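Spelled out, the chains give:
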Amino acid sequence: MIQAIHTAVKGRAIYKINQLYGSKSLKTYLERSRLEKAEIKDVSANPLTGNILVLYHPDKTPDEIASLIAESLLNYHSQQEQIETKSYLPKTLQQLTRMVADAEA
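How each quantity is defined
- All chains use their own residue numbering, which begins from 1 and follows the written sequence.
- Note on the predicted model: pLDDT of at least 70 is required for a residue's local features to be given, and 80 or more for side-chain atom pairs to be given and counted; whole-chain, interface and lining totals, by contrast, use all residues.
- Think of the side-chain values as coming from all heavy atoms in the structure, minus any hydrogens and water.
- Criterion used throughout: strands pair if DSSP finds at least two bridges between them.
- Helix and strand definitions here come from DSSP, where helices need a minimum of 4 consecutive H or I residues and strands a minimum of 2 consecutive E residues; each element is numbered from the N-terminal end.
- Two aromatic rings from Phe, Tyr or Trp, using only the six-membered ring of Trp, form a pair when their centres are within 6.5 Å; if the ring planes differ by under 30 degrees the pair is stacked, by over 60 it is edge-to-face, and anything between is tilted.
- A 1.4 Å probe rolled over the protein chains alone gives each residue an accessible area, and that area as a share of the maximum for its type sets the label: buried under 20%, exposed over 50%, partly exposed in between.
- Polar contact criterion, stated in full: a pair of N or O atoms within 3.5 Å, where within protein one must be able to donate a hydrogen and the other to accept it, and residues adjacent in sequence count only if both atoms are side-chain atoms.
- In what follows, a contact means two residues having at least one pair of non-hydrogen atoms within 4.5 Å.
- Note on geometry: axes are lines fitted to C-alpha atoms, helical ones only across the stretch in contact, with angles between N-to-C directions running from 0 to 180 degrees.
- The salt bridge criterion pairs a side-chain nitrogen of Lys or Arg with a carboxyl oxygen of Asp or Glu, the two atoms within 4 Å.

Looking at an unreviewed UniProt entry, one finds the protein chain named ATPase, E1-E2 type and attributed to Microseira wollei NIES-4236.

Listed below in structure tokens is the structure:
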């Protein structure tokens, strides 16, 4: 859930993101990706509060920025799933052979 909690200043907004609470990896992802858009000037995420401060081009609306955050969250979770899937894949033919033999036993 993404909830705008402060949008009074044009080009600056604070959002509450439940998934951010306690997640240093999501904090890092959001700050490094800068939401992957040129209209975003800066991002500061806080996993202790679950809040994210976004400085953006004043022509954009807080709702448009919330949509960019949502898109970035989807990308983050997609990447996390790929990482988890890859960690379960066998790295060599020998490992695959062992996995098949174990499954048949």
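Enquirer: Hey, could you run me through the pairing of strand β2 (residues 12–17) in this one?
Expert: In the case of a regular strand, side chains alternate between the two sheet surfaces. Here four bridges tie strand β1 (residues 2–6) to β2, and the two strands are oriented antiparallel to one another. Each bridged residue has a counterpart across the sheet, and for H6 the counterpart in β2 is I14. From the end of β1 to the start of β2, which pair antiparallel, there are five residues, and G11 there has a positive phi angle of about 85 degrees. The pairing of β2 with strand β4 (residues 51–56) spans five bridges and is antiparallel.

Enquirer: How should I be thinking about the packing of aromatic side chains in this particular structure?
Expert: Geometry of an aromatic ring pair is reported as the spacing of the ring centres plus the angle between the planes. Applying the stated criterion to the full structure yields one aromatic pair. Ring centres 5.3 Å apart and planes at 50 degrees place the aromatic pair Y29 and Y76 in the tilted group. Remark: Y76 occurs in helix α2 (residues 62–88) and Y29 occurs in helix α1 (residues 24–33); sequence separation between them is 47 residues.

Enquirer: Just checking my understanding: could you explain the side chain of S23 for this structure?
Expert: Summarising the element assignment, S23 is placed in the loop between β2 and α1. Residue classification places S23 among the buried positions, given a relative accessible area of 16%. A polar contact is formed between the side chain of S23 and the backbone nitrogen of L26, at a distance of 3.1 Å. Apart from residues lying up to four places away in sequence, S23 is in contact with P47 and Y76.

Enquirer: Mind showing me how you'd approach the sheet that holds β2 here?
Expert: The strands that make up a sheet are held in pairs by hydrogen bonds between backbone atoms, and each pair lies either parallel or antiparallel. One open sheet accounts for four strands, arranged β1-β2-β4-β3; its pairing is antiparallel. The strands lining the two open edges of the sheet, one partner per strand, are β1 and β3 (40–46). In this sheet, adjacent strand axes meet at a mean angle of 25 degrees when their direction is disregarded. Two elements, β3 and β4, share six bridges in a ladder whose sense is antiparallel.

Enquirer: Explain the pattern of salt bridges here, please?
Expert: Inspection of every chain in the model, using the stated rule, returns three salt bridges. Residues E31 and K27 are paired through a salt bridge, measuring 2.8 Å at the closest nitrogen-oxygen approach. Taken together, the residues E31 and K27, both in helix α1 and four residues apart, mark about one turn of the helix. Among the residues examined, E31 registers a relative accessible area of 25% and is labelled partly exposed. A salt bridge links E71 to K37, with the shortest nitrogen-to-oxygen separation between them at 3.9 Å. Residue E71 is located in helix α2, and its partner K37 is located in the loop between α1 and β3; the two are separated by 34 residues in the primary sequence. For E71, a relative accessible area of 37% gives the class partly exposed.

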